[in-house]
Amino acid sequence: MPKKKEGDLPVEQNELKMKASDVNLWYGEKQALFDVNLEMFDQSVTALIGPSGCGKSTFLRCLDRMNDVIDGVRITGDIRLDGEDIYAPRVDPVQLRARVGMVFQKPNPFPKSIFENVAYGPRIHGLCRSKAEFEEIVERSLTRAGLWEEVKDRLQEPGTGLSGGQQQRLCIARAISVNPEVLLMDEPCSALDPIATAKIETLMDDLKKNLCIVIVTHSMQQAARVSQRTAFFHLGKLVEVDDTTTIFTNPTDQRTQDYVTGRFG
Ligand SMILES: Nc1ncnc2c1ncn2[C@@H]1O[C@H](COP(=O)(O)OP(=O)(O)OP(=O)(O)O)[C@@H](O)[C@H]1O
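Residues numbered from 1 in each chain as written. Predicted model: local features only at pLDDT ≥ 70, side-chain atom pairs only at ≥ 80, totals over all residues.

(A) The arrangement of the nonpolar core in detail. Counting 67 residues, the largest nonpolar core has Leu48, Leu183, Leu184, Ile213 and Val214 as its most contacted members. The element that contributes the greatest number of residues to this core is helix 6 (residues 164-176), accounting for six residues. Those residues within four positions of Leu48 in sequence are excluded, and the remaining contacts are Lys56, Phe59, Leu60, Val214, Val216, Ala231 and Phe233. (Core = buried A, V, L, I, M, F, W, Y, C linked by C-beta atoms within 7 Å. Buried ≥ 20, exposed ≤ 12 C-beta atoms within 10 Å, placed from the backbone. Helix = DSSP H or I, 4+ residues; strand = E, 2+ residues; numbered from the N terminus. Contact = placed C-beta atoms within 7 Å.)

Below is the structure:
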């Protein structure tokens, strides 16, 4: 079970970064989310847990408007980033995704060089003017993603030639290269071995110093290790959210208790 580190402040004292209020989502006729309310704080990791099909990934995809591209999806409710409605008509989803980055379950580097994978975002968002600026941002992002030392001598080689764990760290470098404020991670370690998983978890601990991280995970051990707050979903509803220690040791709802003790799911 996670232990509070000495000097840790309750996460709620961090800045509120994203807030979802009464979010409902339908895939055609089928409702997948029911009145979800969740606050996500800066400089902390929020874990979304729950049995398969309970809506964790669907909710995560609401936070960067990735569901917009799925035919027949309808969303109601309100999601705010720094108090601004991310579904307001004036918000450009491409610009939003520079502020809210996503790392997927399966590492998905572009079929380009390691360098280009990381330089791509800064290029399309016009963040760099000179070759030196690109080089700097690529080095900084790969360093923050804990990959620089392993790839610095082969930046022109294809990203797809790296190991699975390295590819996932490359995808993290790609996501952070545009300085997002929020990083969404959808089961980022489920395709990785324990050593690669441990590297990503250490990295998350470091990245959260400057970011709000929201992670979907099937592993309760992982949620306990990496997150400060945990939200438990069941059948499209957010049953309970609290600090991670409480969710795992003293949850309020019987369904949460049953899930964290392995009685279902
Ligand atoms: N593109 C889609 N079209 C229709 N239904 C979908 C779509 N994506 C997800 N669903 C349905 O919405 C519900 C929630 O799915 P979602 O993937 O969000 O759950 P999850 O908790 O992330 O599951 P898992 O842990 O298995 O990844 C499920 O019933 C799923 O079948």
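Having seen the model, we can carry on.
(B) Molecular detail of the sheet that holds strand 3 (residues 44-49). One open sheet holds the six strands; their spatial order is 6-7-8-3-9-10, and the pairing between them is mixed. Edge positions in the open sheet fall to strand 6 (100-103) and strand 10 (237-243), since each of these has one partner strand only. Pairs of neighbouring strands in the sheet enclose a mean axial angle of 20 degrees, with direction left out of account. In this sheet, strand 10 lies alongside strand 9 (residues 229-234) in antiparallel orientation, the contact comprising six bridges. Paired with Thr230 across the strands is Asp242, a residue of strand 10. Of the strands in this sheet, strand 6 and strand 7 (182-186) are in contact with helix 6, which crosses strand 6 at around 170 degrees. (Pairing = 2+ DSSP bridges. Axes fitted to C-alpha atoms, helices over the stretch in contact; angles between N-to-C directions.)

(C) Quick peek at the site of the ligand. Close to the ligand lie Tyr27, Ala32, Gly50, Ser52, Gly53, Cys54, Gly55, Lys56, Ser57, Thr58, Ile70 and His218, which account for all nearby residues. Per-element tally for the shell around the ligand: the top contributor is helix 1 (residues 56-62), with three residues. A breakdown of the residues in the shell around the ligand according to their chemical character gives four nonpolar, seven polar and one charged. (Near = placed C-beta within 6 Å. Nonpolar A, V, L, I, M, F, W, Y, C, P; charged D, E, K, R; others polar.)

(D) Spatial organisation of the sheet that holds strand 4 (residues 73-81). Pairing is antiparallel in the open sheet, where four strands are placed in the order 2-1-4-5. Of all the strands in the sheet, the pair left with one neighbour each is strand 2 (30-41) and strand 5 (84-85). The sheet contact formed by strand 1 (residues 16-27) and strand 4 spans eight bridges and is antiparallel. The residue bridging Lys19 from the neighbouring strand is Arg80, located in strand 4.

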